[in-house]
Amino acid sequence: MKTKYSILLAVIILAFMTSCSNVKTENNMKENTSLEMLKTRRAIRAYQDKMPEKALIDKVTEAGTYAPTGMGNQSPVIVAITNKEVRDHLSQLNAKVMGKDTDPFYGAPVVLVVLANKQYPTYLYDGALVMGNLLNAAHAVGLGSCWIHRAKEVFDTPEGKALLKKWGIEGDYEGIGNCILGYSAQEAPTPKPRKPNYVVHVDEYNQAKR
């Protein structure tokens, strides 16, 4: 009888250890995948004439809502634009800031506008973190993306303010950036080498090392 219990106990212990090992391996794989996504994301500047599925856009915007914000105040808002007429109008306003007659959105069918409420002292950082989450999440779900500037200038204009009012966005909001989305129509660009002094290490003796 003791032998049976000993064998049973050994089997249980082995199963538990195997389970823990599998969980650890799975967690390591998830960590490696996440880090790889961060390292392989690239700015895409050519897009297919194809609207991404709403489910994918929703996944990207949801990731944006989980970006860190100062004191958890969630000062930004994300405006997801898939309406072509509105998208083209916004493109024209953006190009006008540059004094050009081109499409600053590179043909991308989706524009995620990030604005942030200036009443919070961390609004600019909050909005930038949301933009980062959107860009990385887009890559994770297989979409191309790029940060397009001039959101601040666009939404400082009467036309931009009229859009905010039409969208029901009230308050002292500032444009942070435009995250364009779509299916890539180009090869991912080769990244530039990281500069050698990107990270400064301070050792246990508080002496800076490069």
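From a predicted model like this one, the values you see are computed outputs, not experimental measurements.

In this section: the overall build of the protein chain. When helices and strands are tallied, the protein chain shows 6 helices and 6 strands. Secondary structure elements in the protein chain, listed N-terminal to C-terminal, are α-α-β-α-β-α-β-α-α-β-β-β. Here the protein chain holds 210 residues, and the buried ones make up 31% of them. Considering only residue pairs separated by 6 or more positions, the protein chain has 80% of its internal contacts joining residues 24 or more positions apart. Split by element, the accessible area of the protein chain, about 14,000 Å² in all, is 57% carbon and sulfur.

Before going further, it helps to spend a moment on the nonpolar core. Formed by 21 residues in total, the largest nonpolar core has its most connected members in Leu90, Val111, Val113, Leu115, Phe155 and Ile180. In terms of residue count, the dominant contributor to this core is strand E2 (residues 110-117) (3 residues). Ranked by size, the runner-up nonpolar core spans 20 residues in total, among them Ala67, Val114, Leu134 and Ala137.

Taken over all residues, the pLDDT of the protein chain has a mean of 90, while the share at 70 or more is 82%. The least confident element of the protein chain is strand E6 (residues 208-209), whose mean pLDDT is 57; the most confident is E2, at 99.

Take the pairing of strand E4 (residues 173-182) next. The element E4 is extensively covered by neighbouring structure, given that 10 of its 10 residues are classed as buried. Of the strand pairs in this sheet, E2 and E4 are connected by 8 bridges, and their pairing is antiparallel. Residue pairing across strands places leucine 115 opposite glycine 175, the latter belonging to E4. For strand E3 (residues 144-148) and E4, the ladder comprises 5 bridges, and the chain directions are antiparallel. The partner of cysteine 146 across the bridge, within E4, is isoleucine 180.

Moving on, we get to the packing of helix H2 (residues 54-65) against helix H4 (residues 123-140). Taken N-terminus to C-terminus, the directions of H2 and H4 make an angle of 145°; their axes are 8 Å apart at the nearest point. Crossing geometry of H2 relative to H4 is assigned as right-handed. Mapping the contact onto sequence places Val60, Thr61, Ala63 and Gly64 in H2 and Val130, Asn133, Leu134, Ala137 and Ala138 in H4. Tallied by class, the residues present in the contact of H2 with H4 amount to 6 nonpolar, 3 polar and no charged.

The next point concerns H4. If you check H4, its first and last C-alpha atoms are 26 Å apart, about what 18 residues at 1.5 Å a residue would give, namely 26 Å. Considered for burial, the residues of H4 that qualify are Tyr123, Asp126, Gly127, Val130, Met131, Leu134, Leu135, Ala137 and Ala138. Positive phi shows up at glycine 142, right after H4, with a value of about 90°.

Turning next to the side chain of threonine 61. Topologically, threonine 61 is positioned in helix H2. In this structure threonine 61 comes out as buried when scored by relative accessible area, which is 16%. Polar side-chain contacts of threonine 61 include one of 3.0 Å to the backbone oxygen of aspartate 58. Setting aside residues up to four positions removed in sequence, threonine 61 forms contacts with Ile78, Ala80, Leu112 and Leu134.

Bringing the pattern of salt bridges into the picture now. Oppositely charged side chains can form a pair if their charged atoms are brought close together. With the rule as written, the count across this model stands at 7 salt bridges. Close ionic contact of lysine 54 with aspartate 58 constitutes a salt bridge, the shortest N to O distance being 2.8 Å. One end of the pair is lysine 54 and the other is aspartate 58, both in helix H2 and 4 residues apart, which spans about a single turn. Since its relative accessible area comes to 59%, lysine 54 is described here as exposed.

Reading the values: the criteria
Residues numbered from 1 in each chain as written. Predicted model: local features only at pLDDT ≥ 70, side-chain atom pairs only at ≥ 80, totals over all residues. Heavy atoms only, no water. Helix = DSSP H or I, 4+ residues; strand = E, 2+ residues; numbered from the N terminus. Buried < 20%, exposed > 50% of the residue type's maximum accessible area, 1.4 Å probe, protein only. Contact = heavy atoms within 4.5 Å. Areas by Shrake-Rupley, 256 points an atom, 1.4 Å probe, with all protein chains shown as cover. Core = buried A, V, L, I, M, F, W, Y, C linked by side-chain atoms within 4.5 Å. pLDDT = per-residue confidence, 0-100. Pairing = 2+ DSSP bridges. Axes fitted to C-alpha atoms, helices over the stretch in contact; angles between N-to-C directions. Left-handed = near helix turned anticlockwise from the far one by under 90°. Nonpolar A, V, L, I, M, F, W, Y, C, P; charged D, E, K, R; others polar. Expected span 1.5 Å × (residues − 1). Polar contact = N/O pair within 3.5 Å; in protein donor to acceptor, adjacent residues only side chain to side chain. Salt bridge = Lys/Arg side-chain N within 4 Å of Asp/Glu carboxyl O.

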